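Structural overview
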Amino acid sequence: GLSHAVWTGGNTSQIGYSNSPDLLTWSSPRVLDVMKTVEGSQACWAPEIGWGEARPGGEIVGASEITGRYVETDEMAEANHRVYYTTTKDFRTLAPPQLLLDPGYPAIDATLLYEGGSWLLFFKDERGTPAKKQVRMTTGPSPQGPWGPISAGLTVRRVEAPTAVKVGDAVIVYFDEYRD
């Protein structure tokens, strides 16, 4: 009976959270420290909530940079994020975060959609050197993967914040082309 909202909390291991019974009246915002148990976490960026039969309880997906991890790709972007997830049943108690996606380069802005018996994971390739910053996609049998081959860029460069929806027979991916 509630709608839930999450948002980036800044360059910390925390995100913001609120809920609403009617999408007009919202609870007081509070902090969810989703990456608290991961030493060296520098951020929890662009969180998304998943809920439903295939995701019992709730799943919160977000990107985090963790000091000392993935040093081989430190020079590819300003921040060396990978995509993680945690689960919750009450938006108070959080399971320890788990790696959701490491494509071998920095990645943020993950969004999931169940379609045709598979999970589609769209994300932003955050590489700045060489410049990519495109939406890419992979598929898997569950919302935790394992993930298959990653697509080439699906968009022009300099985009972010993909959101995938099913409309009729089509999957439509909205994104922000923030440069142009």
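Residues numbered from 1 in each chain as written. Predicted model: local features only at pLDDT ≥ 70, side-chain atom pairs only at ≥ 80, totals over all residues. Heavy atoms only, no water.

1. Let's talk about the overall build of the chain
- The helix and strand tally for the chain stands at 0 helices and 12 strands.
- Taken from N to C terminus, the helices and strands of the chain fall in the order β-β-β-β-β-β-β-β-β-β-β-β.
- In summary, the chain has a C-alpha radius of gyration of 16 Å against a globular reference of 16 Å for 180 residues, a match within 12%.
- Expressed as lengths along the three principal axes of its C-alpha atoms, the size of the chain is roughly 45 × 45 × 35 Å.
- Across the 180 residues of the chain, 42% fall into the buried class.
- Partitioning the contacts of the chain with sequence separation of at least 6, the portion at a separation of at least 24 is 41%.
- Here the chain has roughly 9400 Å² of accessible surface; of this, 51% comes from carbon and sulfur atoms.
- In the chain, 16 positive and 22 negative side-chain charges are present, and the distance between their average locations comes to 1 Å. (Helix = DSSP H or I, 4+ residues; strand = E, 2+ residues; numbered from the N terminus. Rg over C-alpha atoms; globule rule 2.2 N^0.38 Å. Buried < 20%, exposed > 50% of the residue type's maximum accessible area, 1.4 Å probe, protein only. Contact = heavy atoms within 4.5 Å. Areas by Shrake-Rupley, 256 points an atom, 1.4 Å probe, with all protein chains shown as cover. Lys, Arg positive; Asp, Glu negative; His and termini not counted. Charge placed at Lys NZ, Arg CZ, Asp CG, Glu CD.)

2. Describing the packing of aromatic side chains
- Under the counting rule described, the total for this entry stands at 2 aromatic pairs.
- With 5.1 Å between their ring centres and 55 degrees between their planes, Tyr-114 and Trp-119 make a pair best called tilted.
- Assessed through its relative accessible area of 7%, Trp-119 is described here as buried.
- Over the ring of Tyr-70 we find Arg-82; its NZ or CZ atom is 4.1 Å from the centre of that ring.
- Of note, Arg-127 hangs over the ring of Tyr-105, and the distance from its end group to the ring centre comes to 3.8 Å. (Phe/Tyr/Trp six-rings, centres within 6.5 Å; stacked < 30°, edge-to-face > 60°. Lys NZ or Arg CZ within 6 Å of the ring centre and 35° of its normal.)

3. Describing the sheet that holds strand β1 (residues 3–8)
- Here we have 3 strands laid out as an open sheet, ordered β1-β2-β3, and antiparallel in their pairing. Edge positions in the sheet fall to β1 and β3 (30–32), since each has one partner strand and no second. Strand-to-strand twist in this sheet, taken as the mean axis angle between neighbours without regard to direction, amounts to 40 degrees.
- In this structure, β1 lies alongside strand β2 (residues 15–20), joined through 6 bridges in antiparallel fashion. Looking at β2, one finds that Ala-5 is bridged to Ser-18. (Pairing = 2+ DSSP bridges. Axes fitted to C-alpha atoms, helices over the stretch in contact; angles between N-to-C directions.)

4. Quick word on the sheet that holds strand β9 (residues 118–125)
- Pairing in this open sheet of 3 strands is antiparallel, and the strands run β8-β9-β10 from one edge to the other. Only two strands of the sheet have a single neighbouring strand rather than two, namely β8 (107–115) and β10 (134–140). Pairwise comparison of adjacent strand axes, ignoring direction, gives a mean angle of 25 degrees for this sheet.
- Sheet topology note: the β9/β10 ladder contains 7 bridges and is antiparallel. Across the sheet, Trp-119 pairs through a bridge with Gly-140, a residue of β10.

The analysis is restricted to geometry; functional conclusions fall outside its scope.
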